[in-house]
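Commentary on secondary and tertiary structure
Each chain, letter by letter, is given below.
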Amino acid sequence: MRINRFLSGLAFSACLSISATTASQAGCIPTNMENFGIRLTEASGGIIRLKYLTDDKVEASYYLDEKTLMYTSIFTENGLKVIEDKIGQSTQKYIYDKKIAFKLNEKQFSFTSQRMTEAGPKGSPTTASIKVLGNDTLTISGCSYPTVLMESKMSTDDPSKDDFAIVYFSLELKTILKSISRSPDGGRSTFEIVNIAID
């Protein structure tokens, strides 16, 4: 279930003009979410629990099923920039070559990130090349969510681990609602949220 690194975290200053159509229908998630959480259900059956913290951080816990926690990530900057992963008793932090990694007011940009543990760097640095394609709206359980549509290429010094994805990111919910990924060997995978509820 572990989604690609782009899904786990991106960062930006929300400068795009998004349609004023929001998830305001009856029963939909409100836009003022500070101090509460939501539950996202994937098409595969996995569960993501998001908690919106008071310091503008977002905590995302990824579950294989109702009880099996896989890992938890901490994000900043509207839910796009991952700064920490917690997997069991292990913690990995992320460092970036740029203070603001994602600038959605620009059509194209790139940055490099590196996972760090107490023992030092883990794996190779990852370089992300992003193109902002525009806006789109996804309908989930009868609710409409405006999204930013992005094209992402994640690359390391090992081409076999490169990843290309089309991503739909919700500025309101501060999370990715859908992505379509392609690996160098031609394999394809789709990540898609099919239900959203207050947790």
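Residues numbered from 1 in each chain as written. Predicted model: local features only at pLDDT ≥ 70, side-chain atom pairs only at ≥ 80, totals over all residues. Heavy atoms only, no water.

**Focus: the side chain of T72**
Of note, T72 is situated in strand β4 (residues 69-76). Overall, T72 belongs to the buried group, its relative accessible area being 11%. Among the polar contacts made by the side chain of T72, one reaches the side chain of S61 at a distance of 3.1 Å. (Helix = DSSP H or I, 4+ residues; strand = E, 2+ residues; numbered from the N terminus. Buried < 20%, exposed > 50% of the residue type's maximum accessible area, 1.4 Å probe, protein only. Polar contact = N/O pair within 3.5 Å; in protein donor to acceptor, adjacent residues only side chain to side chain.)

**Remarks on the confidence of the model for the chain**
Averaged over all residues, the pLDDT of the chain is 83; the fraction at 70 or higher stands at 83%. Element-level pLDDT for the chain is lowest in helix α1 (residues 5-8), with a mean of 45, against a maximum mean of 96 in strand β3 (residues 58-63). Residue range residues 1-26 is modelled with pLDDT below 50. Its contacts to residues more than four positions away, or to other chains, number 95 contacts. (pLDDT = per-residue confidence, 0-100. Contact = heavy atoms within 4.5 Å.)

**So, unusual backbone geometry**
A positive phi angle, close to 50°, is found at E77, a residue other than glycine. Inspection of the secondary structure puts E77 in the loop between β4 and β5 (81-87). Phi angles above zero are rare outside glycine, and K174 is one such case at about 60°. By secondary structure assignment, the location of K174 is in the loop between β10 (163-170) and β11 (175-182). Exposure remark for K174: the relative accessible area of 18% places this residue in the buried category.

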